[in-house]
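What the coordinates show
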Amino acid sequence: MIELKDIVIKYGDFTAVHDLNIQIQEGEFFTFLGPSGCGKTTTLRAIAGFEKPASGTITAFGRDLSGLLPEERGLGFVFQNYALFPSMNVYENIAFGLKAHKVPKKEIPERVQRIAEKTGITEHLKKKVNELSGGQQQRIAIARALVVEPKILLMDEPLSNLDAKLRVSTREEIRRLQRSLGITTIYVTHDQEEAMAISDRIAVFNVGRLEQIGTPKEIYNRPANAAVARFIGDINVLAGSMDQALREKLTCTPEDSFFIRPHKVTISKEAVSGAVSFPAVIDSFEFLGAYTKIIARTQDGAQVTSLMFGSETDYETGEAVSISFRPEDVLVLKEA
Ligand code: ATP
């Protein structure tokens, strides 16, 4: 297990990370997620030994890491910019870490070969780094991190230099590899879809604080507060007459707001029975193939977006409709 206990990280007078407490289980794929500047990288760097916390402790598998240099911590690190040596070929890049770890010379070819097979890069071993695509280079960087057999793999936005399609296929490869090796992995991203797709659990950060830890489903379905709800996936804030009606129906405090996911909202010509409904007009209507995105506006001007799957309904802008949803699908949340 990796445990961060009461971690505070400062740059001069500025506190980048406040009182962080996280426990990561052995073999887990654990992601730090949050908007830019929220302290994800700083926390990862503290685990790696590149930043010294002002207070708190970090332990990994029962060992206090605080007195240890980065290279003594049993970690593999994969960065956004690959950090490969362009003058070396792929084999030499991977072998470099083994030499630095003083692995006996005769063991090196076999270990490079073994990790190359596991990461699917055997055919590239003799190539120069600049002959490879971004996705291939990132796979080499992962192989180089893994060849020293670290107990923990740290990855900081490893896919952000890749184009959208490659990001999806590479994240699937990373997840498959992580599962097959069973290596405890801490992954940093600001991309909520990527985090949901790849992680066992996610820690959501916001301005230097931890907002919530949970599985992707828990974080999406039961966000701890409005900041998490807004950051993870699209969500409607139910304002105006909808807010007033819900205040009478649901248990809440004056500070609470009401939220609902777009796929839980029905926009239709007739009100849906068994749901709460509000008269509205169509603002915009987009047929997107598998689903239709509809934005409607209530009489007092509050907008609601609905995603309707397989919908064959056609609307005109300005057409009168009903917005309907079930009260049990409404999230009652405080602003953080
Ligand atoms: P990003 O996704 O943009 O990298 P992040 O969540 O990883 O964001 P961090 O890089 O951890 O954020 O930065 C957290 C805060 O600490 C930011 O406000 C940043 O400006 C500040 N910070 C980071 N490194 C330093 C530094 N070396 N000196 C001073 N302030 C820093």
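Conventions and cut-offs
- Residues numbered from 1 in each chain as written.
- Predicted model: local features only at pLDDT ≥ 70, side-chain atom pairs only at ≥ 80, totals over all residues.
- Heavy atoms only, no water.
- Near = heavy atom within 4 Å.
- Polar contact = N/O pair within 3.5 Å; in protein donor to acceptor, adjacent residues only side chain to side chain.
- Areas by Shrake-Rupley, 256 points an atom, 1.4 Å probe, with all protein chains shown as cover.
- Helix = DSSP H or I, 4+ residues; strand = E, 2+ residues; numbered from the N terminus.
- Nonpolar A, V, L, I, M, F, W, Y, C, P; charged D, E, K, R; others polar.
- Buried < 20%, exposed > 50% of the residue type's maximum accessible area, 1.4 Å probe, protein only.
- Contact = heavy atoms within 4.5 Å.
- Domains from an automatic or database assignment.
- Buried area = accessible area lost by both parts, 1.4 Å probe.
- Salt bridge = Lys/Arg side-chain N within 4 Å of Asp/Glu carboxyl O.
- Pairing = 2+ DSSP bridges.
- Lys, Arg positive; Asp, Glu negative; His and termini not counted.
- Axes fitted to C-alpha atoms, helices over the stretch in contact; angles between N-to-C directions.
- Parallel < 35°, antiparallel > 145°, perpendicular 65-115°, else oblique.
- Left-handed = near helix turned anticlockwise from the far one by under 90°.
- Phe/Tyr/Trp six-rings, centres within 6.5 Å; stacked < 30°, edge-to-face > 60°.
- Expected span 1.5 Å × (residues − 1).

This paragraph deals with the site of the ligand. Around the ligand, the neighbouring residues are Tyr11, Phe14, Ala16, Pro35, Ser36, Gly37, Cys38, Gly39, Lys40, Thr41, Thr42 and Glu157. Tyr11 is positioned such that a nitrogen or oxygen atom in its side chain is 3.3 Å from a nitrogen atom of the ligand. Gly39 places a polar main-chain atom, nitrogen or oxygen, 3.0 Å from an oxygen atom of the ligand. Contact with the protein chains covers 59% of the free accessible surface of the ligand, which is 640 Å². Take the shell around the ligand: its biggest share by element is 3 residues, from helix α1 (residues 40-48). Taken together, the residues of the shell around the ligand sort by class into 5 nonpolar, 5 polar and 2 charged.

All right, on to the environment of Leu181 then. By secondary structure assignment, the location of Leu181 is in helix α5 (residues 164-181). Residue Leu181 is classed as partly exposed on the basis of its relative accessible area, which comes to 30%. Along the primary structure Leu181 and Leu146 are separated by 35 residues, whereas in three dimensions their C-alpha atoms are 9.7 Å apart. Not counting chain neighbours up to four residues away, the residues in contact with Leu181 comprise Lys118 and Leu146.

The parts lose accessible area when they come together, and the size of an interface is often stated as this lost area. What the domain assignment reports for the protein is domain 1 (2-231) and domain 2 (253-334). Taken together, the contacts link 9 residues of domain 1 with 6 residues of domain 2. The junction of domain 1 with domain 2 conceals about 640 Å² of combined surface from both sides, 60% of it contributed by carbon and sulfur atoms. When the buried area of domain 1 at its contact with domain 2 is split by residue, Tyr220, Ala226 and Ala229 rank highest and sum to 63% of it. Connecting domain 1 to domain 2 are 0 salt bridges. Scanning the region where domain 1 abuts domain 2 turns up 2 residue pairs in polar contact (both at pLDDT 80 or more). Among the secondary structure elements, those contributing two or more residues to the side of domain 1 that touches domain 2 are α7 (216-221) and α8 (226-231). Tallied by class, the residues present in the side of domain 1 that touches domain 2 amount to 6 nonpolar, 2 polar and 1 charged.

Of all the 5 residues making up strand β3 (residues 29-33), 5 are buried; the element is thus mostly covered by neighbouring parts of the structure. Side-chain alternation along β3 places Phe29, Thr31 and Leu33 on one buried face and Phe30 and Phe32 on a second face that is also buried. The pairing of β3 with strand β8 (residues 184-189) spans 5 bridges and is classified as parallel. Its bridge partner being in β8, Thr31 is matched across the sheet by Tyr187. Here 4 bridges tie β3 to strand β9 (residues 201-206), and the two strands are oriented parallel to one another.

Here we take up the side chain of Asp156. Within the secondary structure, Asp156 sits in strand β7 (residues 152-156). Despite its burial, Asp156 remains without a salt bridge, the nearest opposite charge being carried by Arg45 at 6.9 Å.

Take the packing of helix α2 (residues 90-100) against helix α3 (residues 108-119) next. Running from N to C, α2 and α3 cross one another at 120°; their axes reach a closest spacing of 10 Å. In this view, α2 runs oblique relative to α3, as classed from their interaxial angle. For the pair α2 and α3, the sense of crossing is right-handed. For the pair formed by α2 and α3, the contact residues are Tyr91, Ile94, Ala95, Leu98 and Lys99 on the first element and Ile108, Pro109, Arg111, Val112 and Ile115 on the second. Here the contact of α2 with α3 is built from residues that sort into 8 nonpolar, no polar and 2 charged.

Mapped onto the fold, Asp314 is located in the loop between β16 (303-309) and β17 (320-325). Since its relative accessible area comes to 57%, Asp314 is described here as exposed. Distance from Asp314 to Val90, taken between C-alpha atoms, is 55 Å for residues 224 residues apart in sequence.

Here the focus is the environment of Glu3. Position of Glu3 relative to the elements: it lies in strand β1 (residues 2-11). Measuring from C-alpha to C-alpha, the distance between Glu3 and Ile22 comes to 5.8 Å, with 19 residues separating the pair along the chain. Dropping the residues within four chain positions of it, Glu3 is found in contact with Ile22, Gln23, Thr57, Ile58 and Thr59.

Moving on, we come to the packing of aromatic side chains. Counted according to the given criterion, the structure contains 9 aromatic pairs. Arranged with centres 5.4 Å apart and planes meeting at 45°, the rings of Phe29 and Tyr187 form a pair that is tilted. With a gap of 158 residues between them, Phe29 in strand β3 and Tyr187 in strand β8 connect regions that are remote in the sequence. Accessibility expressed as a relative area gives 0% for Tyr187, which makes it buried. Ring centres of Phe278 and Phe325 lie 5.9 Å apart, and the angle between their planes is 25°; this geometry places the pair in the stacked category.

Here the focus is helix α4 (residues 134-146). For α4, built from 13 residues, the straight-helix expectation of 18 Å at 1.5 Å per residue is met to within 8% by its first-to-last C-alpha distance of 18 Å. With 10 of its 13 residues buried, α4 lies for the most part within the structure. Among the residues making up α4, those that are buried are Gly135, Gln137, Gln138, Ile140, Ala141, Ile142, Ala143, Arg144, Ala145 and Leu146. The inward-facing, buried residues of α4 contact β6 (75-78), α2, α3, β7 and α5.

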